[in-house]
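As a plain string of letters, each chain reads:
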Amino acid sequence: MRSLSVCVVLSTFIRSYVTASYMANIVLTPPRKPTATVIFLHGLGDTGHGWADAMQMLQARTPWVKYVLPTGATRAITINGGYPMSAWYDIKSLGPNRNREIDDVAGLEGSRRIIEAIIADEERSGIPFNRIIVGGFSQGAAISLYTAFQHKTALAGCIALSGYLPRSTDFSGLMHASNKATPLFMAHGTEDEVVMYDWGKSSHDFLVKAGVTNSKFVTLDMMGHSATPKELNMVADFIVRTVPEQ
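Residues numbered from 1 in each chain as written. Predicted model: local features only at pLDDT ≥ 70, side-chain atom pairs only at ≥ 80, totals over all residues. Heavy atoms only, no water.

1. Quick look at the overall build of the protein
Next, step 1: Scanning the protein from N- to C-terminus turns up six helices and ten strands.
Next, step 2: A total of 246 residues make up the protein; the buried ones form 53% of that total.
Next, step 3: In the protein, once contacts between residues fewer than 6 apart in sequence are set aside, the share between residues at least 24 apart is 72%.
Next, step 4: Summed over all atoms, the accessible surface of the protein reaches about 10,400 Å², with 55% contributed by carbon and sulfur. (Helix = DSSP H or I, 4+ residues; strand = E, 2+ residues; numbered from the N terminus. Buried < 20%, exposed > 50% of the residue type's maximum accessible area, 1.4 Å probe, protein only. Contact = heavy atoms within 4.5 Å. Areas by Shrake-Rupley, 256 points an atom, 1.4 Å probe, with all protein chains shown as cover.)

Here it is in C-alpha cells:
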C-alpha cells in the first residue's frame, strides 16, 4: 500500500476534477466512477478549499472515492470576540467541563441538516449509505460526530481529527441505534493547544460508554492542533478498510 509521502508526488499525475457546487462545496471527483464518498468538514475559520490538497493526497490512494468538502456559513464567534468567520456553529467556551447550555444547539442542528442533505444527495446519486464516510478536523470533527451517530441509517464510518463531541451531557439520548456499530476513527495530538487532548479522549470514552462498538482512538505524541502525514496515512488506511475498492 502506498504511503502519502509517495502520493504527494503521484497526485500530480492523477486526474482529479475540483469543482465548486451546491453550497460552495468542493467536490474531488476521481478518474473513475466513484463507488464511495467521504464528506470532510473543515475547522473554525477555514474553508473546504483548505483541505483540498490533503484530500487529493488521500484520493491518490483511494481513486474509487469521491471527496466532498463543504464550507460552513460565516457567523459571529463569541470565543473570538464576535468576529465573523466560517464556522459550523458558534463557540462560547472550549473545555470539557462547560455547561451544556453553552452549546449553540441551533447552529449545531442547522449544520447537521446541511450534512444530512449532502449525505442524501450522495445516496440519490447512487452511493449507498454504507459507502459514505463523514469526517472532519476540529470543529468539523465535532459536527461529524454529532451527525454520524444521529443518522437514521448506518453509514460506512466516521473520522474525527483533533475534535470533540458537542452536547456530550445529553448526546446519548440523541444517538440512533443504527449507527452504534459504525466504525469510528479518532486521533488527537498530546500537545493540542486549542482542543485539549483530554477533551478528545473523554469524548471518545463517552461514545464507547454510550454504546459505540467499533472505535479506535489514536494518541499522537507531541502533535499540536494540526494534521501530519502520519495521521493522514492512518486516515487513508481507515478509508480503505471501511469502503474498500469495488
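2. A closer look at helix H3 (residues 105-124)
It helps to recall that an α-helix has 3.6 residues per turn; residues three or four apart then point in one direction.
Next, step 1: Across its 20 residues, H3 extends 28 Å between first and last C-alpha, which sits within 8% of the 28 Å expected from 1.5 Å per residue.
Next, step 2: Of all the residues in H3, the buried ones are Gly107, Leu108, Glu109, Ser111, Arg112, Ile115, Glu116, Ile118, Ile119 and Glu122.
Next, step 3: Summarising the contacts, the buried residues of H3 are in contact with strand E2 (25-29), strand E3 (36-41), strand E4 (65-69), strand E5 (74-77), strand E7 (132-137) and helix H4 (139-148).
Next, step 4: One or two steps after H3, the chain reaches glycine 126, where phi turns positive at roughly 115°. (Expected span 1.5 Å × (residues − 1).)

3. Re the packing of H3 against H4
Next, step 1: Running from N to C, H3 and H4 cross one another at 70°; their axes reach a closest spacing of 10 Å. Classified by the angle their axes make, H3 and H4 are roughly perpendicular. Where H3 abuts H4, its residues Leu108, Glu109, Ser111, Arg112, Ile115, Glu116 and Ile119 lie against Ile143, Tyr146 and Thr147.
Next, step 2: Looking at side-chain class alone, the contact of H3 with H4 contains five nonpolar, two polar and three charged residues. (Axes fitted to C-alpha atoms, helices over the stretch in contact; angles between N-to-C directions. Parallel < 35°, antiparallel > 145°, perpendicular 65-115°, else oblique. Nonpolar A, V, L, I, M, F, W, Y, C, P; charged D, E, K, R; others polar.)

4. Things to note about the pattern of salt bridges
Next, step 1: Considering all chains together, one arrives at nine salt bridges under this definition.
Next, step 2: For lysine 66, the salt bridge identified is with glutamate 122, shortest N-O distance 3.1 Å. Within this pair, whereas lysine 66 is found in strand E4, its partner glutamate 122 is found in helix H3, the two being separated by 56 residues in sequence. As far as burial versus exposure is concerned, lysine 66 and glutamate 122 are alike and both buried. (Salt bridge = Lys/Arg side-chain N within 4 Å of Asp/Glu carboxyl O.)

5. Here we look at the packing of aromatic side chains
Next, step 1: Following the criterion strictly, the structure yields six aromatic pairs and no others.
Next, step 2: Note on tryptophan 51 and phenylalanine 137: the rings are 5.4 Å apart at their centroids and 40° apart in plane angle, and the pair reads as tilted. Of the two residues, tryptophan 51 sits in the loop between E3 and helix H2 (52-61) while phenylalanine 137 sits in strand E7, which places them 86 residues apart along the sequence.
Next, step 3: For tryptophan 51, a relative accessible area of 9% translates into the label buried.
Next, step 4: The buried category is assigned to phenylalanine 137, whose relative accessible area is 10%.
Next, step 5: Residues tyrosine 146 and phenylalanine 171 carry aromatic rings whose centres are separated by 5.8 Å and whose planes lie at 35° to one another, so their mutual orientation is tilted. Placement of the pair is tyrosine 146 in helix H4 and phenylalanine 171 in the loop between strand E8 (157-161) and strand E9 (184-189), with a sequence separation of 25 residues.
Next, step 6: You can call phenylalanine 171 buried: its relative accessible area is 0%. (Phe/Tyr/Trp six-rings, centres within 6.5 Å; stacked < 30°, edge-to-face > 60°.)

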